[in-house]
Amino acid sequence: MMHTLKLYATTASNSRGRIHNEPPPNNRTEYQRDRDRIVHSAAFRRLEYKTQVFVNHEGDMFRTRLTHSIEVAQIGRTIARALHVNEDLTEAIALAHDLGHTPFGHAGQDCLNKCMKDYGGFEHNLQSLRIVDKLEERYAEFQGLNLSFETREGILKHCSTKIASLLGSLGERFLQKKQAGIEAQIANLADEIAYNNHDVDDGLRAGLITIEQLADIELFAQQYELVQNLYPKITQRRSIHEVIRRMINAQITDILSTSEKNINDIAPTSRDTIINHSGPVVNYSDEMTRQTRNLKKFLRLNLYQHYKVNRMTNKANKIIQALFDAFMNDPYLLPPETLYCIRDKQVGNDDIRQARVISDYIAGMTDRYAIEEYRRLFNVTQLF
Ligand code: MG
């Protein structure tokens, strides 16, 4: 049930529309339609076998990019509903925000960016946009998913001014230093809340970090102490889940009260007030900003740079670099439908075109597909 939306929420009536005009949908909103198109896309299904920190086959208990995106959508919807802004748009952005990620998490993206250094680079937010604008082939009438402007704007979270100048109206806000709509701001923070908390959960389960180490991290320690006092006989597994749940709740509650205060202060009367404001209106309090920063720093030092994760990163780099080099040297190793794309594209010189098609192909791979493809290409005892 949609609540009455505030004046500064994004709606179909203040939307900048779609690239290709379409008749309005029956029985659903424009942003529900965007959400549904994302859910039915091939890139969305592949999120099931892509990971952020762990490799997909390491265990069934860890988050994948699919479950991460669903958690982001859940947190985003909660905040959007409480602030009386557009839940459907928030959900659409949340579900699409990671579509452009390569296999093997950030290691994969950094390596592919290095491979693409002379051919325009690789950046996952831009790739998410490329997927919904160009690469999905699902409609007779247009390339991509033809999503609403505001969904695409939310997907393009960051962007350099150089790239922004190539993106037309979508790049404007980066050039003019304006904010995204409130729903995009919500999806952005929901992403952060989701991964900070589930990485603690997954990191503990994997045994890469310990509760003792987390004793210095207030966000965790405060809730942990509370749970131990309330339930002294609780099992460790249950207590971790109880703590994580309370951490998520504390962050959402903080965002809601801080954002409500910001909204009261600037008294926005339209979507434009939000966009033209000097900073995002959806935010943590200063104290929560400090605490989440400490948690992020902890995770960076102890989890993302753990030697076991580094070993995975090392392998991921090898796989992606080897695939890229092999396809650049001999594009006839590519499957025919991918090879055909190189001939099909009309812009850029041959090398740039070839590199971009290869980058799209590699970025689209799931972790397990990339590993299999590596075996198929380089294991001489495996025939196909
Ligand atoms: Mg994410």
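What counts and what doesn't
- Residues numbered from 1 in each chain as written.
- Predicted model: local features only at pLDDT ≥ 70, side-chain atom pairs only at ≥ 80, totals over all residues.
- Heavy atoms only, no water.
- Helix = DSSP H or I, 4+ residues; strand = E, 2+ residues; numbered from the N terminus.
- Expected span 1.5 Å × (residues − 1).
- Donors = N, O, S within 2.8 Å, 3.2 Å for Na, K, Ca; no water.
- Buried < 20%, exposed > 50% of the residue type's maximum accessible area, 1.4 Å probe, protein only.
- Polar contact = N/O pair within 3.5 Å; in protein donor to acceptor, adjacent residues only side chain to side chain.
- Contact = heavy atoms within 4.5 Å.
- Domains from an automatic or database assignment.
- Buried area = accessible area lost by both parts, 1.4 Å probe.
- Core = buried A, V, L, I, M, F, W, Y, C linked by side-chain atoms within 4.5 Å.
- Axes fitted to C-alpha atoms, helices over the stretch in contact; angles between N-to-C directions.
- Parallel < 35°, antiparallel > 145°, perpendicular 65-115°, else oblique.
- Nonpolar A, V, L, I, M, F, W, Y, C, P; charged D, E, K, R; others polar.

Chemist: Lay out helix 12 (residues 236-266) in plain terms, naming residues and giving numbers.
Modeler: Look at helix 12: 45 Å from first C-alpha to last across 31 residues, which is about the 45 Å you get at 1.5 Å a residue. Positive backbone phi, at 40°, marks Ala267, one or two positions downstream of helix 12.

Chemist: How would you explain the coordination of the magnesium ion if you had to name every residue and give the values?
Modeler: Distances from the magnesium ion to its protein donors, namely His68 (NE2), His97 (NE2) and Asp191 (OD), fall within the range 2.1 to 2.3 Å. All donors to the magnesium ion come from one chain, and their sequence spacing reads H-x28-H-x93-D. Of this pair, His97 sits in the loop between helix 4 (87-96) and helix 5 (105-115) while Asp191 sits in helix 10 (residues 182-206); the two residues are 94 residues apart in sequence, bridging distant segments of the chain. Asp191 matches His97 in its accessibility class, with the two residues each being buried.

Chemist: Explain the side chain of Ser41 to me, and be specific about the residues and the numbers.
Modeler: Looking at the element boundaries, Ser41 is found in the loop between helix 1 (30-39) and helix 2 (42-46). Within polar-contact distance, the side chain of Ser41 engages the backbone nitrogen of Phe44 at 3.2 Å. Beyond its immediate stretch of four places on either side in the chain, Ser41 contacts Glu136, Arg138 and Leu145.

Chemist: Can you tell me about the domain arrangement of the protein, naming the residues and giving the values?
Modeler: For the protein, the assigned domains read domain 1 (12-307) and domain 2 (308-382). For domain 1 and domain 2, the distance between their C-alpha centroids amounts to 27 Å. Across the boundary between the two partners, domain 1 contributes 32 residues, which contact 28 residues of domain 2. Interface area, domain 1 with domain 2, both sides summed: about 2,800 Å², of which 64% is carbon and sulfur. The largest share of the area that domain 1 buries against domain 2 comes from Phe104, Tyr119 and Tyr307, three residues that together contribute 26% of it.

Chemist: Any chance you could break down the nonpolar core for me, citing the residues and the numbers?
Modeler: Core analysis: the largest hydrophobic core is formed by 67 residues, its most contacted members being Ile38, Leu99, Ile182, Leu214 and Phe220. Apart from residues no more than four positions distant in its own chain, Ile182 is found in contact with Tyr8, Val85, Ile263, Ile274, Val281 and Val282. Membership of the second largest hydrophobic core comes to 27 residues, among which are Cys111, Cys115, Ile342 and Ile371.

Chemist: I'd like a description of the packing of helix 6 (residues 124-135) against helix 17 (residues 350-364), backed by residues and values.
Modeler: Across the interface, helix 6 lies against helix 17 with an axial gap of 12 Å and an inter-helix angle of 105°. As the angle between them shows, helix 6 and helix 17 are arranged roughly perpendicular. Contact with helix 6, carried on its side by Gln127, Arg130 and Leu135, involves Arg356, Asp360 and Ala363 of helix 17 and no other residues of that element. In terms of residue class, the contact of helix 6 with helix 17 is built from two nonpolar, one polar and three charged.

Chemist: An account of the side chain of Arg246 is requested, with residue identities and associated values reported.
Modeler: Position of Arg246 relative to the elements: it lies in helix 12. Arg246 gets classed as buried once you look at its relative accessible area, which sits at 19%. Look past the residues within four positions of Arg246 in its chain and what remains in contact with it is Gln223, Leu226, Val227, Leu230 and Tyr231.

Chemist: Could you give an account of unusual backbone geometry, naming the residues involved and the relevant values?
Modeler: Outside of glycine, negative phi angles account for most residues, and trans bonds account for most peptide bonds. Not every positive phi belongs to a glycine, and Asn27 is a case in point at roughly 65°. Looking at where Asn27 falls in the secondary structure, it is placed in the segment before helix 1. Of note, Asn146 is a non-glycine position whose phi angle comes to about 50°, a positive value. Checked against the element boundaries, Asn146 lands in the loop between helix 6 and helix 7 (149-155).

Chemist: Lay out the environment of Asn302 with the relevant residues and their values.
Modeler: Inspection of the secondary structure assignment puts Asn302 in helix 14 (residues 286-304). For the pair Asn302 and Gly203, spaced 99 residues apart in sequence, the C-alpha separation works out to 9.2 Å. Discounting residues that sit within four places of it in the chain, Asn302 has contacts with Leu208, Ile209 and Gln213. A distance of 3.5 Å separates the side chain of Asn302 from the side chain of Gln213, its partner in a polar contact.

Chemist: How would you summarise the environment of Ala194 if you had to cite specific residues and measurements?
Modeler: The residue Ala194 is located in helix 10 in this model. Sequence-wise, Ala194 and Val282 are 88 residues apart; in three dimensions their C-alpha atoms are separated by 16 Å.

Chemist: I'd love a proper account of helix 10, names of residues and values included.
Modeler: In this model helix 10 runs 36 Å from its N-terminal to its C-terminal C-alpha over 25 residues, within 8% of the 36 Å that 1.5 Å per residue would give. Counting buried positions over the 25 residues of helix 10 gives 21, a clear majority of the element. Directly beyond the C-terminal end of helix 10, a positive phi value near 75° is found at Gly207.

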